[in-house]
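# Coordinate analysis (summary)
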Amino acid sequence: MAALVLAAGTATLGAGPVSASGAPATAPLGDPSVEGSWTSPFTPAGPASRVIGVHTVLLYNGKVLTFGNLTPTVGYVYDPVTGTATETDPPADVECGGMTALEDGRILVVGGRGLKNTGINNITLFDPATLTWTAQPTASSRGRYYPTVTRLPDGEVLISGGNTTTGANNTDVDVYTPPPAGSNVGTIRNVGQHLGGLYPRQWVLPNGTVLEETSRKSAILDPATWTWTTLPAPITRHKSGFSAYLLPGPPSGSTVAAMVGGGDGTGTTAGAESMDAAVSPVSWNRLPSLPQSRAHMSPVILPDGSLLGVGGNSLGNFQQPQYSALQLVPGSSSWTTLASQVDRRGYHSSAVLLPDGTVFSAGDTGAGGGGIADEIFSPPYLFQGARPTVTAAPSQADHGASFTITTPDVNSRAVLMSPGAATHTTDFSGRHVELAVTDRSDTGMTVAVPSDTVALTGYYMLFLVSSTGVPSVASWIHIG
Ligand SMILES: [Cu+2]
């Protein structure tokens, strides 16, 4: 089994072989089983001609909500199966806001863009079933530009960080409670103060606390008391624009998060490192550096546990763009340079995993960038042999229960992938959950559903992954 297991205090990313010269092994150019393959840029007919995909959210129905533009923010829902798109414009200028799925699959979008790095005071709820946006109450009149929204184990949503309507740091920590049954409107309350900065990267940990990484410092929030504990600074100065991942872990959940690359107009870094929040005292451990300094790379976790990076740049926002995707395979000591996409995704771009194992890439608002065109990447694993198949799996399973997956590929791993909610180097819900297999038979396997802190209540893509890392097409399942 090729599971990437990150025990406390160890990071097995980085334990693999290097070539005799010490350089990363390279492959013949153009071999898709090594480099993967990009589609040509495409623009869905109709509404897509106005939309720049700064924000992309995978919906529970397998469709993609993408929005952004210069002004105002416009959006559409794209169906990767039919190639068609339907316009669904947000009710406010929500570009540069934050978003996450609720437990029922509706998408909460918080904040957005005012003039000159100021925020707007707006919260809206998007319903994928009806393509409608419903205004939600806001906690204060302070506004949010570059906020983070993090779904908690109890279904509430933590809202923090970003700039106010005057461009100051918004230090309010707010909690949004989803609508009760039969309502479309939730409630919001303030639970304290914290300087999270712009798009603090946050993840719920197996013990129910929330780990936060920012360019300034990292911290852990205890939602039982709403108190924050500051953690040591990383080894490298990542500045803004670093890519963050909650690293895949064992079935008991991951406690290890990574900061990869980063930078701003004054310089970028290739440095990468991870921190295990379960170890005391917490310290940072180096991960393989990127092949080049890179900021604003869109982070995507793949079903095999690889870390994928899409786009970005080596200076500032749009200067020195990087077109090749990067992949850190579990156990490898170096990032692999994958195929290059055609369009620039230097900044204001997004990328999410799709249910068929490909990756949707969009955005870049600068002149000469990707603009309204999207691209789809097929990672190398899609050219590496037969894919496992899910013959049957349930559409719902409860925490702590187990369920059976019917498949001829009974020796596969089973993983849950949280549908992405991505923008600006951040995926507000990126999460790879390894399932413990408790039984295997001639016709399938039985897997255990982890706790609600490891697999937050909500929709997931259930993938089987072969012993060589080839994923199935996902089956959708609601956990909890
Ligand atoms: Cu922005």
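Per chain, the residues get numbers from 1 upward, laid out in the order the sequence is written. Local features in this predicted model are restricted to residues whose pLDDT is 70 or higher, and side-chain atom pairs enter the listing and the counts only when it is 80 or higher, whereas totals over whole chains, interfaces and linings include all residues. To obtain the side-chain values, all non-hydrogen atoms of the structure were included, while hydrogens and water were left out.

## Looking at the sheet that holds strand S22 (residues 272-276)
Put simply, the rule is: Strands were regarded as paired on the criterion that DSSP finds at least two bridges between them. Numbering of helices and strands runs from the N terminus; a helix is a DSSP stretch of H or I covering at least four residues, while a strand is a stretch of E covering at least two. Helix axes are fitted only over the stretch in contact, all axes being lines through C-alpha atoms; the angle between N-to-C directions runs from 0 to 180 degrees.
A sheet is described by the order of its strands in space; here 4 strands give the open sequence S18-S19-S22-S23, paired in antiparallel fashion. Edge positions in the open sheet fall to strand S18 (243-246) and strand S23 (284-287), since each of these has one partner strand only. The sheet shows a mean angle of 25 degrees between the axes of neighbouring strands, direction not considered. Taken together, the 4 bridges between S18 and strand S19 (residues 256-260) define a ladder with antiparallel strand orientation. Bridging across to S19, Leu246 finds its partner in Ala257.

## Some words on the nonpolar core
Selection rule: Within this scheme, the nonpolar core is defined by two criteria: the residues are buried Ala, Val, Leu, Ile, Met, Phe, Trp, Tyr or Cys, and they are joined through side-chain atoms within 4.5 Å. We call a residue buried when its accessible area falls under 20% of the maximum for its residue type, exposed when it is over 50%, and partly exposed in between, using a 1.4 Å probe and counting protein chains only. Working rule for contacts: check all heavy atoms of both residues, and any pair within 4.5 Å makes them a contact.
In this structure, Tyr245, Val260, Leu308, Trp335, Leu353, Val359 and Phe360 are the most contacted members of the largest nonpolar core, which totals 49 residues. Ignoring anything within four residues of it in the chain, the contact list for Trp335 reads Tyr245, Val260, Pro288, Ser289, Leu290, Pro291, Leu307, Leu326, Gln327 and Leu328. Counting residues in each nonpolar core, the second largest holds 28 residues, with Val175, Phe403, Ile405 and Val447 among its members.

## Some details on the pattern of salt bridges
Which entries qualify depends on this criterion: Salt bridges are defined as contacts in which a side-chain nitrogen from Lys or Arg sits within 4 Å of a carboxyl oxygen from Asp or Glu.
A full pass over the atoms with the stated rule returns 13 salt bridges. A salt bridge links Arg106 to Asp104, with the shortest nitrogen-to-oxygen separation between them at 2.9 Å. Take Arg106: its relative accessible area is 12%, and that puts it in the buried class. Its salt-bridge partner being Arg142, residue Asp172 comes within 3.0 Å of it at the nearest N-O pair. Of the two residues, Asp172 sits in strand S12 (residues 172-177) while Arg142 sits in the loop between strand S9 (132-135) and strand S10 (148-151), which places them 30 residues apart along the sequence.

## As for the sheet that holds strand S4 (residues 75-79)
The 6 strands lie next to each other as S5-S4-S3-S2-S36-S37, forming an open sheet whose pairing is antiparallel. In this open sheet, the two strands that pair with only one neighbour each are strand S5 (84-87) and strand S37 (426-427). Two strands pair when backbone bridges link them, and strand S2 (residues 55-58) and strand S36 (residues 421-423) are joined in this way by 2 bridges, in the antiparallel orientation. Within S36, the position partnered with Val57 by the bridge is Ala421.

## With respect to the coordination of the copper ion
Each pair of donors in an ideal four-coordinate tetrahedral metal site encloses 109.5 degrees, whereas pairs in an ideal six-coordinate octahedral site enclose 90 or 180 degrees. The condition is simple: With water excluded from the atoms, a metal site may look incomplete; its donors are any N, O or S atoms within 2.8 Å, or within 3.2 Å for Na, K and Ca. In these descriptions, tetrahedral denotes four donors with every angle between 85 and 135 degrees, square planar four donors and octahedral six donors with opposite donors over 155 degrees apart and the rest between 65 and 115, and irregular any other case.
Note on the copper ion: its protein donors are Cys96 (SG), Tyr146 (OH), His348 (NE2) and His424 (NE2). The metal-donor distances range over 2.0 to 2.2 Å. Around the copper ion sit 4 donor atoms, and with donor-metal-donor angles ranging over 90 to 132 degrees the site reads as tetrahedral. All donors of the copper ion belong to a single chain; written as a sequence motif, their spacing is C-x49-Y-x201-H-x75-H. In this pair, Tyr146 is assigned in the loop between S9 and S10 and His348 in the loop between strand S29 (336-340) and strand S30 (349-353), connecting sequence segments 202 residues apart. Among the residues examined, Tyr146 registers a relative accessible area of 9% and is labelled buried. Judged by relative accessible area, which is 11%, His348 ranks as buried.

## Here's the deal with the packing of aromatic side chains
Applied cut-off: Ring geometry is summarised as follows: Phe, Tyr and Trp rings, the Trp one being its six-membered ring, pair when their centres sit within 6.5 Å, and such pairs are stacked at plane angles under 30 degrees, edge-to-face over 60 and tilted between the two. Think of it as a cone above the ring: NZ of Lys or CZ of Arg counts as a charge over the ring if it is within 6 Å of the ring centre and within 35 degrees of the ring normal.
Counted according to the given criterion, the structure contains 10 aromatic pairs. Both rings, one in Phe126 and one in Trp133, keep their centres 4.7 Å apart while their planes meet at 50 degrees; by these two values the pair is tilted. Each of the two residues, Phe126 as well as Trp133, counts as buried. Aromatic ring contacts, followed pair by pair, group Tyr145, Tyr146, Tyr199 and Phe428 into a single cluster. The ring of Phe242 has Arg201 lying over it, and the distance from NZ or CZ to the ring centre is 4.0 Å.

## Some points on the pairing of strand S34 (residues 402-406)
Across the two faces of S34 the burial differs, with Phe403 and Ile405 buried and Ser402, Thr404 and Thr406 not buried at all. With 5 bridges connecting them, S34 and strand S40 (residues 444-448) associate as antiparallel partners. Bridging from a neighbouring strand, Ile405 pairs with Met445 of S40.

## Topic: the domain arrangement of the chain
Defined as follows: By convention here, the domain bounds are inherited from an automatic or database domain assignment. Throughout, the accessible surface (probe 1.4 Å) given up by two parts as they are put together, summed over both, is called the buried area. Each polar contact in these results corresponds to two N or O atoms within 3.5 Å; when the atoms are within protein, one needs to be able to donate a hydrogen and the other to accept it, and residues that are neighboring in sequence are counted only if both atoms are side-chain atoms. Residue classes follow a fixed rule: Ala, Val, Leu, Ile, Met, Phe, Trp, Tyr, Cys and Pro count as nonpolar, while Asp, Glu, Lys and Arg count as charged, and any other residue, Gly among them, counts as polar.
Assigned domains of the chain: these are domain 1 (33-383) and domain 2 (396-479). Distance between the C-alpha centres of domain 1 and domain 2: 21 Å. Contact with domain 1, which involves 63 residues of that partner, is made by 39 residues of domain 2. Taken together, the two surfaces of domain 1 and domain 2 that pack against each other cover about 3,600 Å², and 62% of this comes from carbon and sulfur. A per-residue breakdown of the area domain 1 buries against domain 2 is headed by Arg151, Pro251 and Pro303, which together make up 16% of the total. Our count for the contact surface shared by domain 1 and domain 2 stands at 0 salt bridges. Counting the contacts that link domain 1 with domain 2 gives 14 residue pairs in polar contact (both at pLDDT 80 or more). Within the residue set of the side of domain 1 that touches domain 2, elements represented by two or more residues are S2, strand S6 (98-101), S10, strand S14 (201-204), S18, strand S24 (298-301) and S30. With 5 residues, S30 is the largest single contributor of residues to the side of domain 1 that touches domain 2. Along the lines of polarity and charge, the residues of the side of domain 1 that touches domain 2 split into 36 nonpolar, 21 polar and 6 charged.

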